[in-house]
Each structure stands twice: as C-alpha cells, then as structure tokens.
Amino acid sequence: MEETSREAVATAVQRVAGMLQRSDQLDKVEQYRRREARKKASVEARLKAAIQSQLDGVRTGLTQLHSALLDVKDIQSSLADVSKDWRQSINTIENLKDVKDAVVQHSQLASAVENLKNIFSVPEIVADTQQLIEQAELLQAHRKLMELECSRDDLMYEQYRMDSKNTSDMNLISIYFEDVQGLSDELAKQLWMVLQRSMVTVRRDPTMLVSVVRIIEREEKIDRRMVDRKKQTGFIPPGRPKRWKDKMFEVLEATVSTRIEGTQSVTREADKMWLVRLLEITRKYVLDDLIVVQNLMVQCFPPHYNTFNSRVKELASEDLEANEISNITGWLRKALETDKKDWQKETEPEADQDGYYQTTLPAIVFQMFEQNLQVAAQIDGDFKEQVLKLCLKQMNTFLIRESINSLKRKYSQSSEPTDSDAAIERTLNEVAKEGCQFLLDEVFLDLEHHLNELLTRKWLTGSHAVDTICVTVEDYFNDFNKIKKPFNQEMTSEALRRVVVEYIKAVMQKRITFKSADERREGAERMIKEADQFKFLFRKLAAGEDTDRLCGAIAAIAEVFKLTDPTLLFLEVTTLVSKYPDIREEHIQALLAVRGDASREMRQMIIGTLSENKVSYSGVTQPIFKDITVPTITMTTMTTMTSMATAKLLK
C-alpha cells in the first residue's frame, strides 16, 4: 500500500508540474483543482458501482447455493424411498417364480397344439410345395414353405426355452423337418434363374419378376425378425439369415457384367482411345437394354433398390485422363488457336444481343462438353458426374460463368462448390483483370505527356492538360461500352483512382513552388476546378460511390495551398490528415514545400504535433497516399545543386 501511495503521489506531482510550467497557468489553479475533483468523484462513483455489482453477484450466488443444497437433500430423501421400495419388491418377485414356470409350460403346450396339425401334415405339405415349385407357382410355393419353416422354428424355439442343452430333442425336430431346407434351396435356384433371364422375363412376363422380388422382400423381413430375436433370446433357426437380397444383387451384377464385358474388345493398355471405342460399342449394343431397364425393369423393383451395378459403373470408379474423352486437351488447344486468329482479324468482333463484344469459343467448347455428357448421362449417374468434373477441370480458360453453371445445373446431382469451381473462377478473374489492366495501360500511355504537365509553371500560367485528359478518357470509355458492365465498372473505378493518384504524385514531386500568396490562390483555385472536372467526368461514366472521396483529396490539398493565414496552417493540415489517414509525414513535408511560405520552425511543429497525435488507419476505405512515394534528394543531386549555386555566385 505504501509503495502504491508513493507512486500515486509521484504521478500527481508530475501531472501538476506539467500543468504549471508557465507563470500564466497559475491563474488556472482553481480551475485545475475543480477539474481534478470532478475526475476523483467520477472515479469513486465508478468504484462504488463496481463493488456494489460484485456484492450483488456474491449475494445471488449464495442464494443459489442454498437452494441447490435444499434440492440435494430432497433428492437424497427420494433415493432412500426408492431403495426401500426396491428391497421390498425382491421378495414379491421371488414369490412369483411358480407362476412364471406355469406360464412357460402353458406357452409350450399352446405352441404344440397350434402346430399339431402341421406336424402331422408335413410330408403332404412338402410334396405340394415341390409340385408348386416345378409348376413355377413361386408365390404359392413360398407361402407353404413359410408355413413349414414357421412350424419347425416355433417347436425348436419352445424346446430351446425349456431346455437349451437338450440336443437330442433338437436333432429329432431337425430330422423330421429335414426336407424343408431342400425345398428352400430348390426355390432359391428358381429365383436366381428368373433373375439371370430378367431382361427377357421383364418383356414377356413382368409379374414373374415382381413375384421374385416380393419373395426376397419377405425373406428379408423374416431375417431381420430372427436376428432381433437372437439378440434377445440367443436362439436363431437353422439356415438363418438367408441373405437372399445380397445374393440377388450378386446375380444381377454378374449377369449385367457378363453382358457388357462381351462388348469390350479393347483395353486402356492397347489403345489410348479405349473408352471412346467402348462407349460407342455400348451405345450401339447396350442402349436397347438400358431403355428396357429404365422403362420396364425399374418398375418391378422398389425405388430404394440400387439394382444394376454394371461394368460401366466400374469404369466410372476408375480415374480418367483428359485425352481419354474425345481427346479433350488437344481439341481445346486447337479451338483456342482458331479463336485467337479470329480476334486478330481486322474486322470488328461479334456482339451479343446487348451489344457487348463476345467470343464464340465458350459456346463451341460448351457444345463439345454437352455431347460428352449426353452420352455419359445415358449410362450412369456417377459416371456422368465424373465426366462433368473432368470437363470442368479442363475448361479453366475457356468457358464463361453462365456456361459453367448451366452444365452443373443440368448434369450435376450436387449443388456444393468443388475445387474446379474455385480454379475456374480464379482463372477467369485473373484473365479479366489482366485484360482490363492492359486496356487501361493503353489509356494512360496516351495521357502520360499531359500528366507530366500537371503542377508545373506551364500548368499555372494556363495549360489545358486536364481538359485533354478528360476528353481522352471519355473517348476511350465510349469505346469500352462494348465491355460487359462488371468489368467496365471496375475499369472506370480504376481509371479514376489512377488519375487522382497521378495528380497527387505531381504535387508530391514538387514540380512547382509557389512564390506568393497570389500564386498559391491561383494554383489552389485551378486544382479545385480540375477536381470538379474529374468528378463530373467520372460521375458521368458511373465510376461508383468512391468518386467524391477520391476527387475530394485534390480539393483538400488545394485548401492547404489556398490558406492565407499561416498560423492556421496546422488546423488545415490536421483536417486533411483526418480525412485521409494514410497520408505520411513525407507527404506533409512535400505539401509544405510546394506551398513555399512555411518556415522551418512551423514545419517542425506541424510534423511533430501530427506524430504525437497520429491517426491510425483502419483500412475501411481504399488508401490513396499509400502507394505515392515522395522523391528524395540524393547526395549526387545535392552536390550538383551546390556546384550550380556556387558557380552562379562566383559569376
């Protein structure tokens, strides 16, 4: 505490010493005392409020803890009651053991009575089922097979519940129902034969294929029920789960693969264009089958079945190379060379319906990709997706955004952005920016001579440089109307920025130093007039909302030159810095040098004060002065100037 008190006293002494450095400040002692008293009262009030807030928080916490303690006691009491009730119920459960045994025995007897009829008629049902299988009455045969399996499984389950270790009785039941497993295998063979001939069956008798699917679905449900019962009881009948649905997929896959592999005459190793040839053969010989699948067979299966995994799907899962689809890389290169020659012709480029210049290359490339995707879409959705991704990967410098989105909307099942999207967007933006930059460089190459006249003696005495600059820029941008709006807008904004920056550079290069108040006034008025000219021009060209701020920088500098009272110069410079916080000390030095009447002491005072109260640049608006450098005087230049001055004096 003592150390803190000493530090406080030292700080107070330092503050009082700073306030009373001059004798005239003694008259303000009472004013300083009242101000410090107000500050002290304010700090004490804030401290009291903070302490009161902390005390309220502690009080609330204690109240909540007390409430929680009461809740814990209530829960503890409830748990004791539950524990007491549970101990009493154990004795009751043990007294019901005899009832439980009677229920189990009654269930076994009821199951035996229910299946008694089927038990005696098993040989007859087996014979009827065999006959129905031979007559291809598959649904009826399966119904009787389910009756036999149900009787067998119920008897085995009751025997398992009564005495799970009695294997002799289990074997007796299995022997009695041994023909049931043979019927199941025979029916399965018939199902696989129908599925193997499904392309023919669906044309002649689609109800047969539907019956097969219904039987397989029934068996799937029984499999799930038996697996669930095993989890609960540990018992599962022999032969379960059958997994006929998995077998169906295997049969269909093998059938379709065999059908397509018969058309594959070349491989990737033998011919680089193997996929093109394979797709052509597929189009000729398998297209009819695909139409049958789409129009007839799909209706025989539930919608959630992904039934047809073919050789084409296997191809779709493999990595493809760009030159394996229509030799895409070479084709794009030739198309680009042709388009380049068209742009180099003396004739005017083609225009779209809005009058903007355009190239036909994207439409041509889009059509080529469209043809590839149409073929892929007839084969498989996944394969179509992979072909689309490959096309997008290859089109980085060829297609406009509208065409890319059109392809994705038409052929892609996903709306999520991909790596290709980002690459295409990035490449197109780079190409667009480079093209706009090239055109602007041409404009400013024509303006270079007139920009060099700014802020010179010739400019002050009556130059038309800014008039020429405005006319030239407007003339160029009348031609740029053929460029689409987003890029035209960006070019206009950049042109405005470059004009303003070049103008301010002319100031910072100190091409002129005003020699009198009249020259400063005349130069400032000319700068304000020319800033208004730029503002009028670029508003007309729709340069954007930043027009006033950029042109205002020229006018703000002019106000520094226009000021007649040097004692107010610091306030004017401060206003300039507050509007454009990216301005640096060397910029202020250059402005004061051009003004010509600022003494060394005034320059030091202005720069020193601004350094102490430097305004931080937030970066919200685009900087103007950041990239403007102020030329420095090198030793060689100083030596030359000194020699010239000495020679002049001697002369």
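Calculation notes
- Starting from 1, residues in each chain are numbered consecutively following that chain's sequence as written.
- pLDDT decides what is reported in this predicted model: residues at 70 or higher carry local features, side-chain atom pairs at 80 or more are listed and counted, and totals for whole chains, interfaces and linings draw on all residues regardless.
- Side-chain numbers here rest on the full set of heavy atoms in the structure, without hydrogens or water.
- Going along the chain from the N terminus, every DSSP run of H or I of four or more residues is numbered as a helix, and every run of E of two or more is numbered as a strand.
- Remark: exposure states derive from per-residue accessible area (1.4 Å probe, protein chains only) relative to the maximum for the residue type, with buried under 20%, exposed over 50%, and partly exposed in between.
- Note on definitions: a residue-residue contact is assigned when non-hydrogen atoms from the two residues lie within 4.5 Å.
- Stacked, edge-to-face and tilted labels apply to pairs of Phe, Tyr and Trp rings (six-membered ring for Trp) whose centres lie within 6.5 Å, assigned for plane angles under 30 degrees, over 60, and everything in between, in that order.
- Here, a charge over a ring means that NZ of Lys or CZ of Arg falls within 6 Å of the ring centre while also lying within 35 degrees of the ring normal.
- Confidence scores labelled pLDDT are given residue by residue by the predictor and lie between 0 and 100.
- Definition of nonpolar core: a set of buried residues of the types Ala, Val, Leu, Ile, Met, Phe, Trp, Tyr and Cys, connected through side-chain atoms within 4.5 Å.
- Every angle, taken between N-to-C directions, lies between 0 and 180 degrees, and every axis is a line fitted to C-alpha atoms, over only the stretch in contact when it is a helix.
- When describing relative orientation, an angle under 35 degrees is termed roughly parallel and one over 145 degrees roughly antiparallel, while 65 to 115 degrees is termed roughly perpendicular and anything else oblique.
- Polar here means any residue outside two lists: the nonpolar Ala, Val, Leu, Ile, Met, Phe, Trp, Tyr, Cys and Pro, and the charged Asp, Glu, Lys and Arg; Gly therefore counts as polar.
- By salt bridge we mean one thing: a side-chain nitrogen of Lys or Arg within 4 Å of a carboxyl oxygen of Asp or Glu.
- The span you would expect from a helix comes to 1.5 Å times its residue count less one.
- Two axes define the bend at a residue: one fitted to the seven residues ending there, one fitted to the seven starting there, and the bend is the angle between them.

A. Expanded view of the overall build of the protein chain. When helices and strands are counted, the protein chain shows 27 helices and 0 strands. For the protein chain, buried positions account for 35% of its 651 residues. For the protein chain, the proportion of contacts with a sequence separation of at least 24, taken over those separated by at least 6, is 73%.

B. Region of the structure containing the packing of aromatic side chains. This structure, assessed with the given rule, holds 9 aromatic pairs. Ring geometry for F477 against F480: centres 5.0 Å apart, planes inclined by 80°, an arrangement best described as edge-to-face. For the pair F477 and F480, a shared accessibility class is recorded, and that class is buried. Seen in terms of ring centroids, Y503 and F534 are 6.0 Å apart; in terms of plane orientation they differ by 85°. Their pairing is edge-to-face. Pair noted here: Y503 is in helix 21 (residues 485–508) and F534 is in helix 22 (residues 517–540), with a separation of 31 residues, a long-range link. Take Y503 and F534: they sit in the same class, and that class is buried. The cationic tip of R229 hangs over the ring face of Y157; the distance from NZ or CZ to the ring centre is 4.4 Å.

C. Looking closely at the confidence of the model for the protein chain. Per-residue confidence for the protein chain gives a mean pLDDT of 78; residues scoring 70 or more make up 76%. This model gives residues 634–651 a pLDDT under 50, and the stretch forms 1 contact once residues within four places in sequence are excluded.

D. Looking closely at the nonpolar core. L454, M527 and F534 are the most contacted members of the largest nonpolar core, which totals 68 residues. For this core, the element with the highest residue contribution is helix 21, accounting for 11 residues. Not counting chain neighbours up to four residues away, the residues in contact with L454 comprise W459, A465, V466, I469, Y503, A506 and R511.

E. Just the packing of helix 5 (residues 138–162) against helix 9 (residues 206–233), in detail. Close contact between helix 5 and helix 9 brings their axes to 11 Å; oriented N to C, the two are set at 10°. Considering their axes alone, helix 5 and helix 9 lie roughly parallel with respect to each other. The residues of helix 9 that touch helix 5, namely those facing L138, L139, H142, R143, M146, E149, D153, Y157 and Y160, are M208, S211, V212, R214, I215, R218, E219, I222, M226, R229 and T233. Its residues placed into classes, the contact of helix 5 with helix 9 shows 10 nonpolar, 3 polar and 7 charged.

F. Main features of unusual backbone geometry. Here the residue pair R240 and P241 is connected by a cis peptide bond, since its omega of -5° sits within 30 degrees of zero. Its place among the elements puts P241 in the loop between helix 9 and helix 10 (244–261). Notably, A136 is not glycine yet its phi reads approximately 65°, a positive angle. Mapped onto the fold, A136 is located in the loop between helix 4 (122–134) and helix 5. The class for A136 is partly exposed, based on a relative accessible area of 36%. Of note in the backbone geometry, K510 takes a positive phi value of approximately 55° without being a glycine. Exposure remark for K510: the relative accessible area of 34% places this residue in the partly exposed category.

G. Quick look at the environment of V298. Inspection of the secondary structure puts V298 in the loop between helix 12 (287–295) and helix 13 (311–317). A sequence separation of 96 residues divides V298 from V202, and the C-alpha atoms of the two residues are 9.9 Å apart.

H. Main features of the pattern of salt bridges. Scanning the model with the defined rule gives 24 salt bridges in all. In this structure, the salt-bridge partner of D546 is R549, at a minimum N-O distance of 3.0 Å. When salt bridges with common partners are traced through the structure, they connect E149, E219, D223, R240 and K242 into a single cluster.

I. Just helix 23 (residues 547–562), in detail. Helix length check: helix 23 (16 residues) gives 23 Å between terminal C-alpha atoms against 22 Å at 1.5 Å per residue, within 8%. In helix 23, a bend of some 30° at A553 exceeds every other bend along the element. At its buried positions, helix 23 is contacted by helix 21, helix 22, helix 24 (569–579) and helix 25 (585–595).

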